[in-house]
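Chain residues, written in single-letter form:
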Amino acid sequence: MTDLFAPENRRRLSLKPGKERVIANRHPWIFAGAIANESGPADAAIADLFDARGERIASGLYSQHSQIRLRALTFGEELTEALIRNRMQQAVKMRLTPGARLINADGDNLSALVVDRYNDVLVVEIANAGLERLKPLVIDTLRELLAPRLIYFKNDLPVRRTEQLPAENEAIGEGSPSTTFEENGLKFEVDPAGGQKTGFFLDQRENRAMARELARGRRMLNLFSYTGAFGVFAAAGGASSVDNVDISAPAIEQAKRHYEINGLKASFQVADAFQFVRQSRDRYDFVVCDPPAFAKNRGDVDRAARGYKDVNLFSLKLVQAGGVMMTFSCSGHMSLDLFQKVIFAAALDAGRRVSIVRRLTAAPDHPVSLYCPEGEYLKGFLLEVRE
Ligand code: SAH
């Protein structure tokens, strides 16, 4: 097999004069605009970036198709197979829950690589052409570290089109990709093939645990419920009722199963949450609002802000005085600051008196590199609606 780390198989990039700052800040994404010229194999997995004096200043995963030409893994240090294995091992050994994000891309200094574990199944997302060529290394290392029954490559990330990578999923191992796992003592079924993203939203684990604590005796509304997980925790915490709303019929079907296998009760509606909150005549003591990312890119932020305001405004109207609401944005392009302004505008128009009790964020198996703040996407507030 070709050694993709051998010098002759690596791409050589040279930095444009005046672009040194790009490297000084150690941001892992090095854009085509910072590169003066390139040589070596165009389909290289690995590339090295050199400065004007011919010094190697960064090495990483290469892509001839993306504007992110290089996803730097090192800044001067030689990039070897062993280094990637070590980074994977470091990340994995810190994650102890049965359902866990094992590798969180830039947050684990492994740009473009996401690995989620659900019990005996690992689900992998690859977002770079160079890394795709290193799949054998990824498989080998994951097997050595974790001996999973199955490694499932979930290949539907939109960026894979830019990277000119196949969109068909691929299973390596035995049996079906579907499996079950426990989160804080409650049971969940994951279908990585048919489900959204890797099959489950592990980033909300701690916020769901908080939902269990808040739920006792409250009527709960789980908006954008997906497979019902927030509501399962609320029901387990003694909510007096739980209503789940999601636009996806398969997600609601799976949600029903989740209450059933945990011996819990709830009601379900396949509906557009925007319409639901406008039309509902019910009132709730606890609302969770966890919509998908409305802003897919920077140009979308204004439109997304209007969407968040709209759904939060009508959601706030459904909360009884004295009730609480957890509201989230998972759009990386929407800052915490802007999200708070949006919630302010929603509360104002809803005519409610609202306080922030807590800021909410992703669980600790979703670390964010200081050098790549773009990795932070999930933000939320626990709100108290006083009047
Ligand atoms: N809170 C969930 C994850 C939510 S993901 C959990 O903890 O598991 C966002 C969900 O919003 C997806 O299930 C998607 O199907 C749903 N969705 C997207 N647009 C919607 C809309 N307009 N109305 C209702 N649900 C929608």
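For the structure itself, look to the data block above.
Scope of this entry: the structure provided in the associated data block. No experiment lies behind these values; they were computed from the predicted model shown. (Residues numbered from 1 in each chain as written. Predicted model: local features only at pLDDT ≥ 70, side-chain atom pairs only at ≥ 80, totals over all residues. Heavy atoms only, no water.)

Some points on the state of the cysteines
When the sulfur atoms of two cysteines share a covalent bond, that bond is a disulfide. Heads up, the rule is: Any two cysteine sulfur atoms lying within 2.5 Å of each other are counted as a disulfide. Note on classification: 1.4 Å probe, protein chains only; a residue is buried when its accessible area is under 20% of the maximum for its type, exposed when over 50%, partly exposed between these limits.
Under the definition given, this model contains zero disulfides. Summary of cysteine pairing: Cys289 is not part of a disulfide, and the nearest cysteine sulfur, belonging to Cys330, is at 11 Å. Judged by its relative accessible area of 22%, Cys330 is partly exposed.

A closer look at the environment of Glu174
Condition: Under the DSSP-based scheme used, a helix requires at least four consecutive residues in state H or I and a strand at least two consecutive residues in state E, with every element numbered from the N terminus.
Turning to its location among the elements, Glu174 is positioned in the loop between β11 (170-173) and β12 (179-183). The spacing of Glu174 and Leu150 is 24 residues in sequence and 5.7 Å in space, taken between C-alpha atoms.

Brief notes about the site of the ligand
Put simply, the test is: Throughout, near means a residue has at least one heavy atom within 4 Å of the molecule or strand. Contacts described as polar in this section are N or O atom pairs within 3.5 Å, which, within protein, must combine one atom able to donate a hydrogen with one able to accept it, while residues neighboring in sequence count only if both atoms come from side chains. Methods summary: accessible areas were calculated by the Shrake-Rupley approach with a probe of 1.4 Å, and residue burial reflects only the protein chains presented. Gly is put with the polar residues, along with every residue not named as nonpolar or charged; the nonpolar set is Ala, Val, Leu, Ile, Met, Phe, Trp, Tyr, Cys and Pro, and the charged set is Asp, Glu, Lys and Arg.
With respect to spatial proximity, 16 residues lie near the ligand, and among them Arg208, Asp246, Asp272, Ala273 and Asp290 are the closest. Contacts to the ligand include Asp246, whose side-chain N or O atom sits 2.7 Å from an oxygen atom. Between the ligand and Asp272 there is a distance of 2.9 Å, counted from a nitrogen atom to a side-chain nitrogen or oxygen. For the ligand, whose accessible area on its own is 590 Å², the fraction buried by protein is 91%. A per-class count over the shell around the ligand returns nine nonpolar, three polar and four charged.

Remarks on the packing of aromatic side chains
What describes a pair of aromatic rings is the distance from one ring centre to the other and the angle between the planes of the rings. Note the following rule: Whether two aromatic rings pair depends on their centres lying within 6.5 Å, for rings of Phe, Tyr and Trp, where Trp uses its six-membered ring; planes under 30 degrees apart make the pair stacked, over 60 edge-to-face, and the rest tilted. Think of it as a cone above the ring: NZ of Lys or CZ of Arg counts as a charge over the ring if it is within 6 Å of the ring centre and within 35 degrees of the ring normal.
Under the definition given, this model contains 13 aromatic pairs. Ring geometry for Tyr118 versus Phe181: centroids 5.3 Å apart, planes at 45°, classification tilted. Here Tyr118 is found in strand β8 (residues 113-118), whereas its partner Phe181 is found in strand β12, with 63 residues between them in sequence. You'll find Tyr118 and Phe181 in the same group, each marked buried. Between Tyr259 and Phe268, the aromatic rings sit 5.4 Å apart at their centres with planes inclined by 75°, giving edge-to-face as the arrangement. Residue Tyr259 is classed as buried on the basis of its relative accessible area of 1%. When its relative accessible area of 23% is taken as the criterion, Phe268 is described as partly exposed. Sitting above the plane of the Phe153 ring, Lys135 keeps its charged end 4.5 Å from the centroid. Taking the ring centre of Phe230 as reference, the NZ or CZ of Arg208 above it sits at 6.0 Å.

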